[in-house]
Each structure stands twice: as C-alpha cells, then as structure tokens.
Amino acid sequence: MALIGSAVRRISSLRPPLSPLCRTTSRAYSSEPTKEKSVPYETTLKQQDGTSSGPTKPLPRSADAVVIGGGSLGCQTIYHLAKMGMTNVVLLERDRLTAGTTWHTAGLLWQLRPSDVEVELLAHTRNVISRDLEEETGLHTGWIQNGGLFIASNKQRLDEYKRLMSLGKVYGIESHVLSPAETKDLYPLMNVDDLYGTLYVPKDGTMDPAGTCTTLTRAASARGATVIENCPVTGIQVKSDDLGVKRVKAVETAHGTIETPCVVNCAGVWATKLGEMAGVKVPLIAMHHAYVVTERIEGIQNMPNVRDHDASVYLRLQGDALSVGGYEQNPIFWDEVSDKFAFSLFDLDWDVFMQHIEGAINRVPVLEQTGIKSTVCGPESFTADHKPLMGEAPEVRGYFLGCGFNSAGMMLGGGCGRELAHWIIHGRPERDMYGYDIRRFHHSLTDNNRWIRERSHESYAKNYSVVFPFDEPLASRNMRRDPFHQVLTEKGCVFQERHGWERPGWFNKDGPAPVKDYDYYGAYDTPKNVNYKYNELLGKEYTFDFPPHHNVIKSECLTCRNGVAVFNMSYFGKFYLTGPDAKKAADWLFTADVNKKPGSTVYTCMLNKRGGSEADLTVSRLEPGAANLPLAPESNGDAYYLAIGGGVAEHNWNHISTVLQDQGFHCQLTDHSEDMGMISIQGPKSRVVLQEVLDTDLSNEAFPFSSHKVVNAAGHQVRAMRLSFVGEMGWELHIPKDSCIPVYNAVMAAGAKYGIINSGYRAIDSLSIEKGYRHWHADLRPDDTPLEAGLAFTCKLKSSIPFQGRDILEKQKKDGLKRKIVCFTIDEKVPMFGLEAIFRNGVPVGHLRRSDYGFFIDKTIGYGYIRNPNGGVVNAEFIKSGEFTLERMGVTYKAKAHIKTPFDPENKRVKGIYD
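If you're wondering where the values come from, they're calculated on a predicted model, not measured in any experiment.

About the criteria used
Residues numbered from 1 in each chain as written. Predicted model: local features only at pLDDT ≥ 70, side-chain atom pairs only at ≥ 80, totals over all residues. Heavy atoms only, no water. Helix = DSSP H or I, 4+ residues; strand = E, 2+ residues; numbered from the N terminus. Rg over C-alpha atoms; globule rule 2.2 N^0.38 Å. Buried < 20%, exposed > 50% of the residue type's maximum accessible area, 1.4 Å probe, protein only. Areas by Shrake-Rupley, 256 points an atom, 1.4 Å probe, with all protein chains shown as cover. Lys, Arg positive; Asp, Glu negative; His and termini not counted. Charge placed at Lys NZ, Arg CZ, Asp CG, Glu CD. UniProt positions renumbered as here; feature names shortened; annotations may be inferred. Disulfide = S-S within 2.5 Å. Domains from an automatic or database assignment. Contact = heavy atoms within 4.5 Å. Buried area = accessible area lost by both parts, 1.4 Å probe. Salt bridge = Lys/Arg side-chain N within 4 Å of Asp/Glu carboxyl O. Polar contact = N/O pair within 3.5 Å; in protein donor to acceptor, adjacent residues only side chain to side chain. Pairing = 2+ DSSP bridges. Axes fitted to C-alpha atoms, helices over the stretch in contact; angles between N-to-C directions. Parallel < 35°, antiparallel > 145°, perpendicular 65-115°, else oblique. Left-handed = near helix turned anticlockwise from the far one by under 90°. Nonpolar A, V, L, I, M, F, W, Y, C, P; charged D, E, K, R; others polar. Bend = angle between axes of the 7 residues up to and from the residue. pLDDT = per-residue confidence, 0-100.

1. Details of the overall build of the protein
Assigned secondary structure in the protein consists of 20 helices and 39 strands. Compactness check: the protein gives a C-alpha radius of gyration of 28 Å against a globular reference of 29 Å for 915 residues, within 12% of the reference. With the C-alpha coordinates aligned to their principal axes, the bounding extent of the protein is approximately 85 × 65 × 55 Å. Per-residue burial for the protein yields a buried fraction of 63% across its 915 residues. Counting only carbon and sulfur atoms, one obtains 49% of the accessible surface of the protein, whose full area is about 33400 Å². Within the protein, the 108 negative side-chain charges are centred at a point lying 4 Å from the centre of the 103 positive side-chain charges.

Right under this line is the structure:
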C-alpha cells in the first residue's frame, strides 16, 4: 500500500518542484505506488470465469430499433424507448452490460450546469435513478444523495457558482452559498484557508453503474424489450431508396442478422468503428481518464462530493473513503482502440495524474497520510466541444448517435436517453438538443483528425475552467476563412470561431492580433506560443463584469447607429432551392409566404412537426433563367436563394434535406456558401456611401426594404439585398469570392469621408438585441414556436397554404400562449449574459435566454420566456400587471418589461426614415 504523500514525493524527485498547494512534510514513506487496479464498487457485471458462451438470448429476425452498446446510454435509451411504447426493440452488447467504460465511471451527479437544457436533462436522470426505477422494479439502483460542494478559490469562480444558483431557483434546485467558516462546519476535514466561498447543493449525489444499468434493462425487458449480451456487431447493412437516400436496413452479428430501419450507436469509445460500418462519421477520440481510491478515512462518512475546479480535482465519497480524480492538461490519447478491451483498465501514469493528488491534499490534508487502495484508469470518449454526439447522422437515415459523453454518460444518461428515444419515435427531441446534435458540426470537420484531436484536447483540458460568456477556442483555428480574412486581420480584427469559420468579433485599435497554431497549452513537448496577442485579449475577456474593450464595442455600435459600418457576414450559409417541386417545397418548409414576385426577400422560420423553430432565415425569390453562378442558378421555374446564419448552416441544410426526403419533393438544394463572400453596410449614411459604388438607384421607391437585385459594384456583379440585422437602413452585398476585395475596397473608399468603420459580431449582438431581433439558438430554439417568440408576423396563418407545424400553431393561437418571450431592461449599469432568473411578483417565472448592453438606449437588455405559475395564459395583461425583477449572481434588480422593443418600435429606421 502506498501513502498519497509518498507518491507525491516520489514524483517530486523526478520532475520540477511541486506547487506550494501540495503541503508535504519531511517524513519518509514507501515510494512504491499501488499496483492494484480495481473499481470501488461492490458489484460489477463481469463474468467471473472470463469466458463467453455466445449470445445470452436468441436474436429476433427483425426489430423496430437496435441499440448497440450496453453502457449507460444504451440502457437508458432502450428503457425510454420501451417506456414510450416502442417495445419491439433490441439492445446488443458485445460483452456484458457496462463492460466498456460505464463500469469504471465515478458516477457523480451534479444538478447545476451553465445551461438550462442540461439542468433539465440532469433533473430527469436524477428522477429516473432515485425514484422511477425503484417504483417500477422494486430494486434499488445504488443512488446515494450525499450532496455536492463546489469550491471557489477566487471571486470569479464564486460569481460563476452564483450564476448557477440563480438559474437553479427557476427549476426549484436548492443551493446555498457558504462562507469558508460555514464550509468548515459542513466538511470538518476540509482546508478552508484559501477559500473564497463554496456552493452547496444538498440533493446532488452518486450513482452505481452496475446497479443502474441492471435495473434499467430489467425495467425495459418487463415492457417487452430484448437485451442480448455477448453479441458483437460485425456489420450494418445500408440500402438506397428510390430517391437515392441511404437508409439503415439491418444489423449483422456472427450469430445472425436483425432487419431494422433504425440503429442507435451507443458504443462509447468504440462508436467510431461502428460508424465506419455504415459510412457514418463519428467525431470523437479516446483518452485515458483516471481516479484513485483511498483507504479508509476517519470522519469522511456522509460528506458531500467535492468539485475543486481551480485545482482541477474532484473528491467523490466512497463509503468511508474517497475517489480522487480530475482533468489534466496533458491527457493520454488511446489511439489504438481494441475491440477486446472489456472490464479492463490501464496502468496509471503517475506523472500525468500527480497534479490531482496535489490539489486533493491541499483541499483535504488528511489525504497526505492516507493510503491508496487502488487505481482506476480507463478509456473515455471525448469530443471537440465536450458535448455528446446525438441525433440522426447526416449520412444515413435511421442511423442515430448516442455517444461521446465526455465522462458524463451516467450523469446525462437519463435525460439524453429520453430525448434520444423521442427523437427516434417522433423525429425530433422534446427539448432543444441542438448543442448535442451531430448536425451542429460542419461535414468538412467531422472527419478532420487535426480538428478532432486538437479541439477535444482543449475541451478536456478546460473542462474545469470558468465558463465565461465570450470565451473562444484556441485549438484548430483558421479551418475556414473567407476572402476578407487577411485584410481584416491587418485592420485589427479579433476573430471568433463558428462552425469552423473565422468571423469578425470586434476590432482592436492596437493593431493585428492573429490566431496562431494550437500549442496544446505546452503539453506533449509542444513549444508554448509566446507574445500571443490574441490569447492575451481573450484573457482580458475572462470576467463577469464589462470587458476592458466595452467602449470599443460601444464605438462600433454607435457609429452604426449614427453613421455607417461594414460587417463581414461571409460565413453565412448560401443555398439555392430549385427543381420542379421547388414551390411546393418552399410553401411547406417556410412559415412565411415566400412566393411573392421575383426580387422579393422574406424573413421566415422553418418549423418541426411540433411547431418548434428549427431555423430563421431570409428567402429571396429569383427570376428564372440561365445559370450565372454563384449569383444565380439555372432555373426554368421557381428558384429561391436562402441566406442562413453560418453557425447553424449545417443544421439548416440537414433539416431541409430531411423534409424534402420525407415529403418526396423533387428538388435540388445546392450549397454555394464558400463561393461567395457577404458584407453588410448598415447605418443612416449607408445609402450615400453605396450610391457611389452601385450602379442602381437606392431610393426607397426604386429599392425598397426586403428586396434584392443583381447590380454592378465597382465593375463587379453582386447581389444586393436591402435588409438589416441591426435595425438600421442598409444593404447586404453577396459577392463572388474573386470580387470580394475589389468591392470591399470600393465601399471603404467611398465611405471614408463619412467615417465608415469595420464592425464585428459583438456589435451585431448588441445592436440586434436592442432592436429586438432574434438569434436562433439563443432566444429562438427548436422548443420555441414563432408565436411564443413574438414572430407571428412570419407565419402565413391568414392564408390557406399548409406548412409544417401549422396545425400546432393554429391550436396554440386558439388556446392562448402558456409561455411568451418578453423584453426586459434594468437601470443599473451591470452586465447580464443570459441565465439570470426572472421573477414576477417574487415568484420565479423563467430565465433570460440572451442579454447584452444596448448602447443607444444605454441600458442592459435581456430577453426571456416567461410562464404563468398558475398554468394560465401569458398575455399582454399578465405582463403589464406584474412587477418584475431579475436575479444576477444572487443579487436582485428591478426590471421593466416591454411589450414592444424600446428601440425604434415603429420600425422607421430600416425603412430609411430618420426624424
């Protein structure tokens, strides 16, 4: 047996001195670490004789769905499928349940996360594990409610926890901010000398993987599902239908084939290989992830689990001992994933792991004198953004993903299993799962090994970092660059990364701040980037206060409001919809009537079958004619140009493609996103500037709002659209890529005498919320209808034209809205970023989805959906009659609710009317 303190000193002799956090003494202990490798659970599902006698049950000839992988996600998915009524389902596990990565998981469940969707997913997991399964089966899953304690060593960390606490109030999650002294009373063995405070969540707890998965599969089997172990999958059959669409046909094993239209890949670390069997890309990577189990510690019984993010360590109660683990900056990749790896563990690399020991000893000093009973180092799958991969794969219909859970598969399993089951049965999940949807990644990235490796590493290394509002990745940058990238870099552009694209964030007045190649934070002997201006600017963003360049963004915003600004929006998705059924498809896809005369541009939504908003975009009807690519496609009939926010373009592409396939429309959807750039010239002086560049009359009569035409700009053909995403008069220029720089230079030259500036998306965020425009996946999501989002004007409900989701909207309109988006402002000069709790007459009724500072009205603005706590209708009277407050980090601010946007409510400015 090794003592933790001795292990620290053994490593100390092999590397530079440890940080002062690790308080060692001069006493000598045995320097040999333990060689015992075993999980700290009383029961695992490993076969004791180590042999497999073939499948545990006969294989059926067919099934409605086949779930592959018997870990947390596979078991939760088949349980929820059966519970929702799909009982002709099969789970195939190559070994025994939990054999891959679930069997060695730490099994922690924390209820609070900086995401409302994740809070809801975690709440469902907790309900399933702590209540539902026991009621259904009479079996105990192993759930222990011992509470959770988040450690803050500085103000910023405690501010982050206070944000979580405020959000938790909306969901009824009990939490308490504790002083160091109160923390010591709760956890007497803890060192609190360096604490700023803690957040205590009494109803957090721990799960048992074997007990949970066994109970889940018993409950699923009782409803008619079939669970088969010792049955590896050897192949997945895919066929093409009459339209050439690839679909799942069957699952092959050495013991027989199961015909099925639906496969669910819950294979964890092995999910990539399972994807290859069907031609599906699964962008995850395997890494070693470890914890150690201590010997008995007197006085540790019944203590809460601890997350000390600043020390990158967690302490999980294990009876009368602790499990100690965390996330390091130099994790070990497992590049040669073995199919034979079941109920197996790696040898622990103490050089990598020791940083967690140091943090643990600092937090609970008695650990220095405590023995290490065993080590647990197993594989886990990680993804580019530390979020799971879920949903239907773009490559093959009927092939669903439920993998890549970044060591959180037990914790998120219940909520995600339910959403995945709903996805399979009804075509879409109930909640907004875009952040987990495989379609959030552009198809050019999902098989790019550099991107997967670098981004997964950074996400792993930063897993315990404070989640700041304006953080950006450093890994795998410059993957997709538009024609303006170099010239804007030279002008001081500080770029953001979206969907692989580099898009302008804001403009630094102190010169260029280019993004450099990823340095792995100095790990793996990679030289660390020095004099890295971009990283230094990002570091200054790490605050929950206004950032140091708040006034720079203010200047960009007010120049747009009072003069003229240029926004590079080239990362937008740019699609053409053509073909014999294009008009039918447009009528069905889009909520607005886009079949106005050619030359019109319409802002519209696209809905799912439940009436939720899958997208918002502009659709421009084109003149039929010969091809003039990339500005116009060949068309003998109806043709449409779709312009879509670049960060969600892949999602939109797949949504449209799926609807076209499901409806059998004969159309062509073509992508010209990278063939054109796009700049938007906005502000009261935009017309006088562009009139010098474009060869067409820009008056209101000749070029009204929501119209477009192909024109000449400095000798180059462009498509000009009179639109605005900031609430000002302005035009977008959609430009063939080879013409981008000449047109841009002409615009900047013409605008020089009018004080034209470059501006970025940080300004767009502020300007658009000030005007009341929606951002998809912020204040408009797949679980929001256009009526709830204040976008009824985009819906052709006064016509008789059918469109997807119309029936839901008609019913909602008749019954009245039970939730509705509301604009709030506060008088105090404090920043808000979203997730702040909304109270009406002292009762929580929702939270802010999105918030920013409006520089023209000089107030903080927030938008959030509110509900009636009595279950009644939310209407104008309900809003006007309430007294509203917003809670930010535990502090309450009086708020004013607005029925209309406080900026230009009459919509004059976009029409060129400046009083």
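2. Points about the UniProt feature "domain: FAD dependent oxidoreductase" (unreviewed entry) in the protein
What UniProt calls "domain: FAD dependent oxidoreductase" (unreviewed entry) maps, in this numbering, to residues 64-423. Its end C-alpha atoms 14 Å apart, residues 64-423 is made of 29% helix and 28% strand.

3. Structural notes on the state of the cysteines
Going through the model one piece at a time under the given rule, you end up with zero disulfides. You can see Cys-560 has no disulfide; the closest cysteine sulfur is in Cys-557, sitting 7.6 Å from it. Residue classification places Cys-560 among the buried positions, given a relative accessible area of 0%.

4. Section: the domain arrangement of the protein
What the domain assignment lists for the protein is domain 1 (54-103 + 209-283 + 386-440), domain 2 (574-618 + 628-670 + 785-804) and domain 3 (805-910). Inter-centroid distance (C-alpha atoms) of domain 1 to domain 2 is 32 Å. In this assembly, eleven residues from domain 1 lie in contact with 14 residues from domain 2. Here domain 1 meets domain 2 over a buried area of about 1100 Å², counting both sides, of which 49% is carbon and sulfur. When the buried surface of domain 1 facing domain 2 is broken down by residue, Arg-397, Tyr-434 and Arg-439 rank first, second and third, together holding 46% of it. Across the contact surface, domain 1 and domain 2 share two salt bridges. Across the salt bridge formed by Arg-428 and Glu-614, the nearest N and O atoms sit 2.9 Å from each other. Inspection of the domain 1/domain 2 interface yields six residue pairs in polar contact (both at pLDDT 80 or more).

5. Points about the sheet that holds strand 25 (residues 601-607)
Strand pairing in a sheet relies on backbone hydrogen bonds, with the paired strands running either antiparallel or parallel. Spatially, 25-26-27-24-28 is the arrangement adopted by the five strands of the open sheet, whose pairing is antiparallel. The open sheet has two free edges, formed respectively by strand 25 and strand 28 (668-671), since each of these has just one partner strand. Averaged over neighbouring strand pairs, the angle between their axes works out to 30° when direction is ignored. Along the sheet, helix 14 (residues 582-589) contacts strand 24 (573-578), strand 25 and strand 27 (640-644); its crossing angle with strand 24, the most-contacted strand, is approximately 125°.

6. Quick look at the packing of helix 2 (residues 72-83) against helix 9 (residues 409-426)
In the contact formed by helix 2 and helix 9, the axes pass within 8 Å of each other and the chain directions differ by 45°. Relative to helix 9, helix 2 is oriented oblique. Crossing hand, helix 2 versus helix 9: right-handed. Counted together, Ser-72, Leu-73, Gln-76, Thr-77, His-80 and Leu-81 of helix 2 and Gly-409, Met-410, Gly-413, Gly-414, Cys-416, Gly-417, Arg-418, Leu-420, Ala-421, Ile-424 and Ile-425 of helix 9 form the full contact between these two elements. Of the residues in the contact of helix 2 with helix 9, the class split is eight nonpolar, eight polar and one charged.

7. Structural notes on the environment of Arg-806
Summarising the element assignment, Arg-806 is placed in helix 19 (residues 806-815). Residue class for Arg-806 comes out buried when judged on its relative accessible area of 11%. Spatially, the C-alpha atom of Arg-806 lies 9.7 Å from that of Asn-608, the residues being 198 residues apart in sequence. With near-sequence residues (within four places) excluded, Arg-806 lies in contact with Lys-796, Leu-797, Ser-799, Ser-800 and Ile-801.

8. Re the UniProt feature "domain: GCVT N-terminal" (unreviewed entry) in the protein
Per the UniProt record, "domain: GCVT N-terminal" (unreviewed entry) is found at residues 484-798. Taken end to end, residues 484-798 comprises 25% helix and 24% strand; its first and last C-alpha atoms sit 43 Å apart.

9. Points about the sheet that holds strand 12 (residues 256-259)
With antiparallel pairing, three strands are arranged side by side in an open sheet as 10-11-12. Both outer strands of the open sheet, strand 10 (233-240) and strand 12, are each paired with one neighbouring strand and no more. Going from strand to strand, the sheet's axes swing by 25° on average, the running direction of each strand aside. One ladder, built from four bridges, connects strand 11 (residues 246-253) with strand 12; its direction is antiparallel.

10. Considering the pattern of salt bridges
Within this structure, the stated rule accounts for 54 salt bridges. Arg-157 is paired through a salt bridge with Asp-310; the nearest N and O atoms lie 2.9 Å apart. Linking Arg-157 in helix 4 (residues 155-170) with Asp-310 in the loop between strand 15 (305-308) and strand 16 (313-318), this pair joins segments that are 153 residues apart in sequence. Three or more residues joined by partner-sharing salt bridges are found here, namely Asp-116, Asp-432, Arg-781 and Asp-783.

11. Looking at helix 18 (residues 761-771)
With eleven of its eleven residues buried, helix 18 lies for the most part within the structure. Residues of helix 18 that are buried include every one of Tyr-761, Arg-762, Ala-763, Ile-764, Asp-765, Ser-766, Leu-767, Ser-768, Ile-769, Glu-770 and Lys-771, and no others. Immediately downstream of helix 18, the backbone of Gly-772 shows phi near 95°, a positive value.

12. Section: helix 9
The sharpest bend along helix 9 measures roughly 40° and falls at Gly-415. Of all 18 residues in helix 9, 16 are buried; the element is thus mostly enclosed. Positive phi appears at Gly-427, one or two residues downstream of helix 9, with a value of about 90°.

13. A look at the side chain of Glu-93
Here Glu-93 lies in the loop between strand 3 (89-92) and strand 4 (108-109). For the buried Glu-93, which has no salt bridge, the nearest side chain bearing the opposite charge is Arg-94, at an N-O separation of 4.6 Å. In contact with Glu-93, other than residues within four places in its own chain, are Gly-69, Gly-70, Ala-99, Ile-228, Glu-229, Asn-230 and Cys-231.

14. Points about the confidence of the model for the protein
One rule of thumb: low pLDDT means the predicted coordinates there are not for detailed reading. Considering every residue of the protein, the mean pLDDT works out to 94; 96% of them sit at 70 or more. Below pLDDT 50 for its whole length, residues 11-32 participates in 35 contacts with residues either more than four positions away or in separate chains.

15. Things to note about the packing of helix 14 against helix 15 (residues 649-663)
Two elements in contact, helix 14 and helix 15, have axes separated by 11 Å at closest approach and are oriented at 115°. One finds that helix 14 runs roughly perpendicular with respect to helix 15. The handedness of the crossing between helix 14 and helix 15 comes out as right-handed. Only Ile-656, Val-659, Leu-660 and Gln-663 of helix 15 make contact with helix 14, whose side of the interface consists of Ala-585, Trp-588 and Leu-589. Residues belonging to the contact of helix 14 with helix 15 are distributed by class as follows: six nonpolar, one polar and no charged.

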